[in-house]
Amino acid sequence: MHNDAQSVNGTKTTRQPAASDKSSGQASAGTTVSGVPDLTLEEEARLEDMRAAQDEIKNELQMVLKQFVAPIRYAFAYGSGVYKQAGYGGGSKPMVDLIFAVSHPDHWHALNIAQNRSHYSFMGTLGSNAVSFVQDRMGAGVYYNPFVEINGIMVKYGVVSMETLSSDLLNWDTLYLAGRMHKPTLTLRRDPLMRISKQVNLTHAVRAALLTLPKNFTSEELFQAIASISFAGDFRMKIGGENPQKVQNIVEAQMPLFKSRYRSIIEGLPNLEYIGQDLLQQDMGPAARAAMLRKMPNNFYDQLVRQGRKAGTKLPPGLGAEKVNSERLVSMPEIDSIAQKAIEKIVARPALTQSLKGILTSGVTKSLTYMRAKNEKFRKADGQK
């Protein structure tokens, strides 16, 4: 399989859809759109307001980063503390989620424990070696310190190695951070190599979503399929730990950001085009879909093969079987559900073990406080339906 960043900046060609290609009457026969449609005036206004709010919180969060002595190579903020979600009312500000990517986690934690011992649970008394061991060997390779107030802002910051983060973006090892980065994120400290990895990850997300979608679909359906990737297989969605409407709420409130984030990627994919303001069409030809599948991460491909075999399709082993396997997989009528199951298999175990690790890294008291806060958000959202 191949991880290709070059497809992000490809040239867009336009095909003329036939009348039989219409989906739910939304596409008119003979309708075609050159490139990606511009945002509507309303969306442009919303995007401008969102970016103004981003600039304000970005300045505040960059000041938070400056409070850390330990060096941070790459950092971003994500979640409802940065981006509004539909379905939630006012009230207290949510905790801001931060990710710090560092070169040497052991050294980083040694410096940070010396400066900010109060940020850590009892794990801090065991030293940086123990902390970095738990970070790397359990869950998804992230060590979180939640409920930390810095400069008057309540934050939860996660520490991850640059190597682990980059590998997840390119290879979908766990989809823990890669999946979160499919949705809008606010970059606080840049890294040139990470920029390429991020674009590859977003391209993977579009291609995976296409496997679960029909020939014609709306931009909202595309972005919901993308945003749902990190929640697929997450046990919290099954036990009430997350709002079941969360994906819809995220996309509804952040649609202009999604369109801006994925514009160049959609333009660069030869098998995808707009046929209306908010209607897209993908090439459903087996050759085009098989070629797309072969550009997906190895971990995703391997999971697809396993699920395909469980469904009864004969898929030979070995690297030389990629071409025939990809063609057989995309020809399966149930490829959409098989792709969904493959994503769930990648997400499920790291999501569970990362949550269990939170008891160690956060401590029992903070873990219970975090779960109560999550449940309270769920009840508020449920009450507004």
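Our subject is the structure that appears above.
Worth saying up front: this structure is predicted, and the values here are computed from it rather than measured.

### Here we look at the overall build of the protein
In step 1: Within the protein, the secondary structure is distributed over 13 helices and eight strands.
In step 2: Each of the 385 residues in the protein was classed as buried or not, and the buried ones make up 52%.
In step 3: Taking the contacts inside the protein whose residues are at least 6 apart along the sequence as the reference set, 74% of them involve residues at least 24 apart.

### Notes on the layout of surface pockets
In step 1: Computed from the structure, the second largest pocket encloses a volume of approximately 670 Å³.
In step 2: Lining the second largest pocket are 23 residues, and of these T185, T187, R190, K198 and R261 lie nearest its centre.
In step 3: For the lining of the second largest pocket, the secondary-structure elements that each account for two or more residues are α1 (41-65), β5 (186-189), α6 (192-211) and α8 (246-268).
In step 4: Its residues assigned to classes, the lining of the second largest pocket shows eight nonpolar, seven polar and eight charged.

### Regarding the nonpolar core
In step 1: The biggest cluster of nonpolar side chains holds 69 residues, and the ones touching the most others in it are L165, L211, L222, Y262, F300 and L304.
In step 2: Apart from the residues within four sequence positions on either side, L304 is in contact with L211, L293, L329, I335, I338, A339 and A342.
In step 3: Formed by 34 residues, the second largest nonpolar core is a distinct cluster that contains M50, V96, F100 and Y157.

### Remarks on the packing of aromatic side chains
In step 1: Across all of its chains, the model carries 13 aromatic pairs by this definition.
In step 2: Measuring from centroid to centroid gives 6.2 Å for F100 and W108, while their planes differ by 55°, and the two rings are tilted.
In step 3: On the basis of relative accessible area, F100 is assigned to the buried category, the value being 0%.
In step 4: Where F100 meets Y157, the ring centres are 5.3 Å apart and the plane angle is 20°; that geometry is what we call stacked. Here F100, found in strand β2 (residues 96-102), pairs with Y157, found in strand β4 (residues 153-161); they are 57 residues apart in sequence, far enough to count as distant. The residues F100 and Y157 share a single accessibility class, namely buried.

### Details of the pattern of salt bridges
As a working rule, side chains carrying opposite charge can pair if their charged atoms are close by.
In step 1: Enumeration according to the criterion identifies six salt bridges in this entry.
In step 2: The shortest N-O distance in the salt bridge between E43 and K259 comes to 2.7 Å. Residue E43 is found in helix α1, and its partner K259 is found in helix α8; the two are separated by 216 residues along the sequence. Here E43 and K259 have matching classes, each one buried.
In step 3: When the shortest N-O distance is used, the salt bridge between K156 and D97 registers 3.4 Å. A residue pair is termed long-range when its members are at least 10 positions apart, and K156 in strand β4 and D97 in strand β2 qualify at 59 residues. In terms of burial, K156 and D97 fall into one category: buried.
In step 4: Salt bridges sharing partners connect three or more residues here, namely E43, K259 and D278.

### Section: the packing of α6 against α8
In step 1: Two elements in contact, α6 and α8, have axes separated by 10 Å at closest approach and are oriented at 80°. The angle between α6 and α8 falls in the class roughly perpendicular. Side by side, α6 and α8 meet where Q199, L202, T203, A205 and V206 of the first sit next to R261, Y262, S264 and I265 of the second.
In step 2: Looking at the contact of α6 with α8 residue by residue, the classes come out as five nonpolar, three polar and one charged.

### Brief notes about the environment of T313
In step 1: One can find T313 in the loop between α10 (298-310) and α11 (322-330).
In step 2: Distance from T313 to M332, taken between C-alpha atoms, is 8.2 Å for residues 19 residues apart in sequence.
In step 3: When residues no more than four places from it in sequence are discounted, the contact partners of T313 are G308, R328 and M332.

### What to know about a positive patch on the surface
In step 1: Taken together, R306, R309, K310, K341 and K345 make up a surface patch of like positive charges.
In step 2: Mapped by element, the contributors of at least two residues to the positive patch are α10 and α12 (335-362).
In step 3: Counting residues per element, the positive patch draws most heavily on α10, which supplies three residues.
In step 4: One can find K345 in helix α12.

### Observations regarding the sheet that holds strand β7 (residues 272-274)
In step 1: If you walk across this open sheet you meet the three strands as β6-β8-β7, and the pairing is antiparallel. Only two strands of the sheet have a single partner each, and these edge strands are β6 (216-218) and β7. Between one strand axis and the next, the sheet turns through 30° on average, direction left out of account.
In step 2: In the packing of helix α7 (residues 219-227) onto the sheet, the strands contacted are β6, β7 and β8 (279-282), and the crossing angle to β6 comes to about 80°.

### Focus on a nonpolar patch on the surface
In step 1: Taken together, the side chains of L352, L356 and I359 define a hydrophobic patch exposed on the protein surface, amounting to about 270 Å² of accessible area.
In step 2: Note that I359 resides in helix α12.
In step 3: A relative accessible area of 44% means that I359 is categorised as partly exposed.

### Overview of α8
In step 1: Taking 1.5 Å per residue as the helical rise, α8 with its 23 residues ought to reach 33 Å, whereas the 29 Å between its terminal C-alpha atoms falls clearly short.
In step 2: Its maximal kink placed at Q254, α8 deviates by approximately 80°, while the proline P256 follows within four residues.
In step 3: The buried fraction of α8 amounts to 17 of the 23 residues, a majority that puts the element mostly inside the structure.

The rules behind each value
Residues numbered from 1 in each chain as written. Predicted model: local features only at pLDDT ≥ 70, side-chain atom pairs only at ≥ 80, totals over all residues. Heavy atoms only, no water. Helix = DSSP H or I, 4+ residues; strand = E, 2+ residues; numbered from the N terminus. Buried < 20%, exposed > 50% of the residue type's maximum accessible area, 1.4 Å probe, protein only. Contact = heavy atoms within 4.5 Å. 1 Å grid on protein atoms, 1.4 Å probe; cavity = no way out; pocket = protein on both sides within 12 Å on 5 of 7 lines; lining within 4 Å. Points joined across faces, edges and corners; volume = space filled by probe spheres on them. Nonpolar A, V, L, I, M, F, W, Y, C, P; charged D, E, K, R; others polar. Core = buried A, V, L, I, M, F, W, Y, C linked by side-chain atoms within 4.5 Å. Phe/Tyr/Trp six-rings, centres within 6.5 Å; stacked < 30°, edge-to-face > 60°. Salt bridge = Lys/Arg side-chain N within 4 Å of Asp/Glu carboxyl O. Axes fitted to C-alpha atoms, helices over the stretch in contact; angles between N-to-C directions. Parallel < 35°, antiparallel > 145°, perpendicular 65-115°, else oblique. Patch = residues over 30% accessible without salt bridge, like charges linked within 9 Å, V, L, I, M, F, W, Y side chains within 5 Å. Areas by Shrake-Rupley, 256 points an atom, 1.4 Å probe, with all protein chains shown as cover. Lys, Arg positive; Asp, Glu negative; His and termini not counted. Charge placed at Lys NZ, Arg CZ, Asp CG, Glu CD. Pairing = 2+ DSSP bridges. Expected span 1.5 Å × (residues − 1). Bend = angle between axes of the 7 residues up to and from the residue.

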